[in-house]
Amino acid sequence: MLTNFSYIRPKSLKEAVKQLSTQGAGVYAGGTDLLGCLRDHVFEIKKLVSINGLKELKGITETPSNGLRIGALTTITEVAENPIVSKHYAALAQAAREVASPQLRNQGTIGGNLCQKPRCWYYRGEFYCLRKGGKMCFAIAGENQYHCIVGGGPCFIVHPSDMAPALVALDASVRITGPKGSRTVPAEKFYVLPREDVRRETVLGPGEIVTEIIVPTASGTRSSYRKVRTRASWDFALAGIALVLRFRGGVVEDARAVLSGAAPIPWRSREIEATITGKNLDPDVIAKASEAAMKNAQPLKENGYKILLFRGMIEEELAAIGRG
Ligand SMILES: Cc1cc2nc3c(=O)[nH]c(=O)nc-3n(C[C@H](O)[C@H](O)[C@H](O)COP(=O)(O)OP(=O)(O)OC[C@H]3O[C@@H](n4cnc5c(N)ncnc54)[C@H](O)[C@@H]3O)c2cc1C
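In what follows, the accompanying structure is described. Model, not experiment: these values are computed from the prediction.

Parameters at a glance
Residues numbered from 1 in each chain as written. Predicted model: local features only at pLDDT ≥ 70, side-chain atom pairs only at ≥ 80, totals over all residues. Heavy atoms only, no water. 1 Å grid on protein atoms, 1.4 Å probe; cavity = no way out; pocket = protein on both sides within 12 Å on 5 of 7 lines; lining within 4 Å. Points joined across faces, edges and corners; volume = space filled by probe spheres on them. Phe/Tyr/Trp six-rings, centres within 6.5 Å; stacked < 30°, edge-to-face > 60°. Buried < 20%, exposed > 50% of the residue type's maximum accessible area, 1.4 Å probe, protein only. Lys NZ or Arg CZ within 6 Å of the ring centre and 35° of its normal. Near = heavy atom within 4 Å. Polar contact = N/O pair within 3.5 Å; in protein donor to acceptor, adjacent residues only side chain to side chain. Areas by Shrake-Rupley, 256 points an atom, 1.4 Å probe, with all protein chains shown as cover. Nonpolar A, V, L, I, M, F, W, Y, C, P; charged D, E, K, R; others polar. Helix = DSSP H or I, 4+ residues; strand = E, 2+ residues; numbered from the N terminus. Pairing = 2+ DSSP bridges.

With the rule as written, the count across this model stands at one cavity of 30 Å³ or more. There is about 70 Å³ of room inside the largest cavity. Lining of the largest cavity is provided by 13 residues; of these, C120, C129, C137, F138 and C155 occupy positions nearest its centre.

Set out below in structure tokens:
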């Protein structure tokens, strides 16, 4: 059963920020993640502030510098089906198509996708874990086959969004408005590791709203997003990779590689980037890149299989993007 809450639908961003500045208030976008959390009492919200009346937060437009501005309320389906995104930002379009099911993509927004809560079954279940303010992480000695293999500790969640790794690889930024004004944060710096603060997933402060995502031009790059999951119908990533590469001739001139399903945040693999930059993507380089990507992995008792899964997937995806 849901705990009682009030619901308000402001007509302006200023009013939304004001409403969110009161204690116990929370942003409501598509509700596809939030309502489940409230129903399962993962956390409580006293006042739901729906941002759905804020038209300025909707839609995709090109920026003067040939990049993209994606309003936080743009649905995942709109991102997946946008012709400019599909043509110039393949990694983002592919990631959007991999999210959940058609119904969830129609209702869920890009802002909500970036801010969704982790899917750890202890956090989502009736366990008073570290992330909820408790004293222990139940995954360490528990069922941890879906938990992280890098960047973990003291909590071992896996970051759940498919779109975030693609946006980090595309060097996107997140525009935020709150009680102290507006600020822009690189998508890469938007997320918080458990060792920095185990109670939060993002840098958002009280009353802050993600208003838009800015993606710089991807002209001259090749990009892709690959996701491996248990079920084809809908499922979160067991392993995934977003790649944005710039080639000169057959040589990789510049590379950004971000793993999903690996860590508590979208995990930039500097090891892959360093191994392939300045090289042709031949089988030897690809094998070295996949080995380097997993060299610092520290699996828990039941998720060691992810290392081989990542290695195989990274090799397949680098070979595919190399073929063009
Ligand atoms: C069955 C199921 C399967 C799923 N599978 C996948 C998957 O494979 N891949 C994947 O990436 N995701 C998956 N998801 C998650 C889904 O993509 C998210 O539920 C959805 O994107 C959330 O968007 P929303 O607009 O509904 O957000 P809400 O549910 O409204 O909000 C989610 C959270 O973000 C906060 N929030 C929302 N918008 C903003 C904003 N603009 N500024 C600040 N905070 C904000 C809310 O306060 C809340 O905490 C799945 C979800 C379900 C239920």
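A few words now on the packing of aromatic side chains. Under the counting rule described, the total for this entry stands at six aromatic pairs. Their ring planes at 80° and their centres at 5.1 Å tell us that F190 and Y191 sit as a pair that is edge-to-face. By relative accessible area, Y191 is classed as buried at 8%. Of the aromatic side chains, those joined through ring pairs into one cluster are Y122, F127 and F138. When the ring centre of F247 is taken as reference, the NZ or CZ atom of R222 above it lies at 4.1 Å.

The local shell around the ligand holds 33 residues, among which V27, G31, T32, T109 and D162 are the closest. A distance of 2.6 Å is found between an oxygen atom of the ligand and a backbone nitrogen or oxygen belonging to V27. Contact distances for the ligand include 2.6 Å between an oxygen atom and a side-chain N or O atom of T32. Within the complex, the protein chains bury 93% of what would otherwise be the 970 Å² of accessible surface of the ligand. Across the shell around the ligand, the residue classes tally to 17 nonpolar, ten polar and six charged.

Where burial is concerned, most of strand 11 (residues 251-260) is hidden: seven out of the ten residues are buried. Here strand 10 (residues 239-248) pairs with strand 11 via nine bridges, running antiparallel. Bridged to F247 within strand 11 is V252. Both strand 11 and strand 12 (residues 267-268) contribute to a ladder of two bridges, which runs antiparallel. Counted as the bridge partner of L259 is W267 from strand 12. Here strand 11 folds back onto strand 12 in antiparallel fashion, the turn holding six residues, of which G261 has a positive phi close to 75°.

Let us now look at unusual backbone geometry. Omega for the bond connecting G153 with P154 falls within 30 degrees of zero, at 5°, which places this linkage in the cis form. Examined against the element boundaries, P154 turns out to sit in the loop between helix 8 (121-124) and helix 9 (163-169). A positive phi angle, near 55°, is found at H41, a position not held by glycine. Secondary-structure assignment places H41 in the loop between helix 2 (34-39) and strand 3 (47-50). H41 sits in the partly exposed class, given a relative accessible area of 37%.

So, about the pairing of strand 6 (residues 173-178). The element strand 6 is extensively covered by neighbouring structure, given that five of its six residues are classed as buried. Bridge count between strand 6 and strand 7 (residues 181-186): six bridges; the pairing is antiparallel. Following the sheet pairing, T177 is matched in strand 7 by S182. The hairpin formed by strand 6 and strand 7 contains two residues between the paired strands.

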